[in-house]
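Fold and contact review
Below, each chain spelled out in residue letters.
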Amino acid sequence: MGGPCGPRTVTRMKPIAVVYGTVMGNAGACAHQLSAELTRAGIDHDVVRMSDLDHDSVVEAKLLMVVVSTTGNGHPPHNATAFHNHLHKKRPNLTGLRFGVLAMGSRRYPKFAECGKSFDRIFDALGADRVVERVDCDGDFQFPLRVFTRSLMAHFDAHPDVYADS
């Protein structure tokens, strides 16, 4: 979403958005693979790096898919820190927002996929509705991403009226 002058803030998101935070690029790759599946299904959406996200616009989305890696001792990636802190400190009311989380990490670390788990917990605590169970990826993300994508597509199939304008 960034341009030649650097990242830009997305002020208005489409009703369906895939947001990602990444260190090494794997979460971004997963977000874009998920985007390709949504495009193939004819579902209009945005893909937004968390550092480009207008935090207050999140409540306008019908559905927010979060794809995020974990760094250090369970911390969010640098480009996800501001959004993570916003949710935990400002605690906006997210009632009406639907969400799902693809959490990435490595079981070699004690706080495996902790950043994604934290996003999942805070969205739930702030009133958002989980429509896809969180999927945790340990290193290889292709199979967990397929599971996550299938669950999301099944959700769309089960609720076509909710996403009719998307």
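Residues numbered from 1 in each chain as written. Predicted model: local features only at pLDDT ≥ 70, side-chain atom pairs only at ≥ 80, totals over all residues. Heavy atoms only, no water.

1. Observations regarding the overall build of the protein chain
Across its full length, the protein chain holds 4 helices and 6 strands. Counting from the amino terminus, the protein chain carries its helices and strands in the arrangement β-α-β-β-α-β-α-β-β-α. In terms of overall dimensions, the protein chain is globule-like: its C-alpha atoms have a radius of gyration of 15 Å, near the 15 Å expected for 166 residues. Counting only C-alpha atoms and orienting by the principal axes, one finds that the protein chain spans roughly 40 × 35 × 30 Å. Burial status across the protein chain gives 48% buried among its 166 residues. Taking contacts inside the protein chain between residues at least 6 apart in sequence as the whole, the part at least 24 apart equals 80%. For the protein chain, the accessible surface area stands at approximately 8100 Å², while carbon and sulfur atoms represent 50% of it. Looking at charge distribution, the protein chain has the averaged site of its 19 positive side-chain charges lying 5 Å from that of its 18 negative ones. (Helix = DSSP H or I, 4+ residues; strand = E, 2+ residues; numbered from the N terminus. Rg over C-alpha atoms; globule rule 2.2 N^0.38 Å. Buried < 20%, exposed > 50% of the residue type's maximum accessible area, 1.4 Å probe, protein only. Contact = heavy atoms within 4.5 Å. Areas by Shrake-Rupley, 256 points an atom, 1.4 Å probe, with all protein chains shown as cover. Lys, Arg positive; Asp, Glu negative; His and termini not counted. Charge placed at Lys NZ, Arg CZ, Asp CG, Glu CD.)

2. With respect to the environment of phenylalanine 83
For phenylalanine 83, the position within the fold is in helix H2 (residues 81-90). Exposure remark for phenylalanine 83: the relative accessible area of 1% places this residue in the buried category. Along the sequence, phenylalanine 83 and aspartate 54 sit 29 residues apart, while their C-alpha atoms lie 8.7 Å from each other. Other than its neighbours up to four places away in sequence, phenylalanine 83 contacts Met50, Leu53, His55, Val58, Leu64, Phe119 and Phe123.

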